[in-house]
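# Coordinates in review
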Amino acid sequence: MSEHDANARFARETIAEPAAIARARTHAHELGATPISPGVGAQCAVLAATSAARSIVEIGTGAGVSGLWLLRGAPQAVLTTIDNEPEHLAAARQAFADAKVPPAKARFITGRAADVLPRMNEGAYDIVLIDADPENVIEYVEHGLRLVRPGGLVLVPRVLAGGKVADPVQRDAVTSAFRSLVQETQESAAVLAALSTTGEGLLQLSRLTT
């Protein structure tokens, strides 16, 4: 086993996922949803905590796993989660109730993100997490950077596309979109960008003051 593989396995095995999130993960798999990994979830929780987030938007509910991680880091925040699958939103609502999240701390919006995001207030949020419709990821990131305040965060899990982004031979539409997103944000003067290889990968963008 290589040093990289050993480090990755050690990192995976040391994460203690809270029981409520583990139950939500099991339910997500039963529904056919693919929630963020515990490693990415833990990173999101730390980012939510260090930014003292009070208003969070989540695109793609994943049956509540990512939302619970974000609220674990920022229990004072109000989370707005958007999904076009009512069954996923219902599962998230139940997962939040099981985790004793106060009802006032979560808003559930059923609909296509492309229809909902343009109606949301500019610069009104601390964090936008994007985990839906990877073919539209660039459009959603543009919306996310509009919605977050200066200094706010846009988080994009799964950005490594299972290793395909690092392979220049892979040129399908989703892989190319993720690759372009990583490259363009690294060069952008509008954001600070960092790419974590934990789990399935996490692109972290902080909107600079303009």
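In the block above lies the structure referred to throughout.
Let us look at the structure shown here.

The rules behind the values
Residues numbered from 1 in each chain as written. Predicted model: local features only at pLDDT ≥ 70, side-chain atom pairs only at ≥ 80, totals over all residues. Heavy atoms only, no water. Pairing = 2+ DSSP bridges. Helix = DSSP H or I, 4+ residues; strand = E, 2+ residues; numbered from the N terminus. Axes fitted to C-alpha atoms, helices over the stretch in contact; angles between N-to-C directions. Contact = heavy atoms within 4.5 Å. Nonpolar A, V, L, I, M, F, W, Y, C, P; charged D, E, K, R; others polar. 1 Å grid on protein atoms, 1.4 Å probe; cavity = no way out; pocket = protein on both sides within 12 Å on 5 of 7 lines; lining within 4 Å. Points joined across faces, edges and corners; volume = space filled by probe spheres on them. Buried < 20%, exposed > 50% of the residue type's maximum accessible area, 1.4 Å probe, protein only. Parallel < 35°, antiparallel > 145°, perpendicular 65-115°, else oblique. Left-handed = near helix turned anticlockwise from the far one by under 90°. Salt bridge = Lys/Arg side-chain N within 4 Å of Asp/Glu carboxyl O.

Ordered by their spatial adjacency, seven strands build an open sheet running β3-β2-β1-β4-β5-β7-β6, and the pairing between neighbours is mixed. In this open sheet, the two edge strands, each paired with only one partner strand, are β3 (106–110) and β6 (191–196). Recorded for the sheet is a direction-independent mean angle of 15 degrees between the axes of neighbouring strands. As judged from the five bridges shared by strand β1 (residues 55–59) and strand β2 (residues 78–83), these two strands associate in the parallel manner. Within β2, the position partnered with I59 by the bridge is I82. Where helix α7 (residues 137–147) meets the sheet, its contacts fall on β1, β4 (125–130), β5 (148–157), β6 and β7 (202–207), and the angle it forms with β5 comes to roughly 155 degrees.

This brings us to the packing of α7 against helix α8 (residues 173–187). Two numbers describe how α7 lies on α8: the axes approach to 9 Å, and their chain directions differ by 35 degrees. For the pair α7 and α8, contact is made by V137, I138 and V141 and by A177, F178, S180 and L181, respectively. Its residues placed into classes, the contact of α7 with α8 shows six nonpolar, one polar and no charged.

Reported here for the largest pocket is a volume of approximately 450 Å³. What lines the largest pocket is a set of 29 residues, among which G60, D131, A132, D133 and P134 lie closest to the centre. Among the secondary structure elements, those contributing two or more residues to the lining of the largest pocket are β2, α7, β5 and α8. Residues that form the lining of the largest pocket fall into these classes: 14 nonpolar, eight polar and seven charged. Within this model, the second largest pocket holds a volume of roughly 280 Å³. As for the second largest pocket, its lining consists of twelve residues, and the residues nearest its centre are A8, R12, T197, T198 and G199. Broken down by secondary-structure element, the contributors of at least two residues to the lining of the second largest pocket are α1 (3–14) and α3 (38–50). Among the residues making up the lining of the second largest pocket, the classes are represented as four nonpolar, seven polar and one charged.

Along the chain, D167 falls in the loop between β5 and α8. With relative accessibility at 28%, the residue D167 sits in the partly exposed group. Distance in space between the C-alpha atoms of D167 and S66 is 28 Å, their sequence separation being 101 residues.

Next up on the list: the pairing of β7. Among the six residues in β7, six count as buried, and that is most of the element. The side-chain alternation of β7 yields two buried faces, one formed by L202, Q204 and S206 and the other by L203, L205 and R207. Sheet analysis places β5 next to β7, joined by five bridges and oriented antiparallel. Its bridge partner lying in β7, V154 is registered against L205. Where β6 and β7 come together, six bridges link them in antiparallel fashion. Pairing of V191 across the sheet is with R207, part of β7. Taken together, β6 and the strand that follows it, β7, pair antiparallel across an intervening segment of five residues, in which G199 is found at a positive phi of about 55 degrees.

With that settled, consider the packing of helix α2 (residues 19–31) against helix α4 (residues 65–73). Two measures define how a pair of helices packs: the angle their axes make with one another and the distance between the axes. The geometry of α2 relative to α4 is characterised by a closest axis approach of 9 Å and an angle of 165 degrees between their N-to-C directions. Classified by the interaxial angle, the pair formed by α2 and α4 is roughly antiparallel. At the point where α2 passes α4, the crossing takes the left-handed sense. Residues A20, I21, A24 and R25 of α2 form the contact with α4, whose own contacting residues are V65, L68, W69 and R72. Within the contact of α2 with α4, the residues separate by chemical class into six nonpolar, no polar and two charged.

Applying the stated rule across the entire model yields six salt bridges. The salt bridge partner of K164 is D172, with a shortest N-O separation of 3.4 Å. Here the salt bridges share partners, and the residues they tie into one network are D131, R158 and E200.

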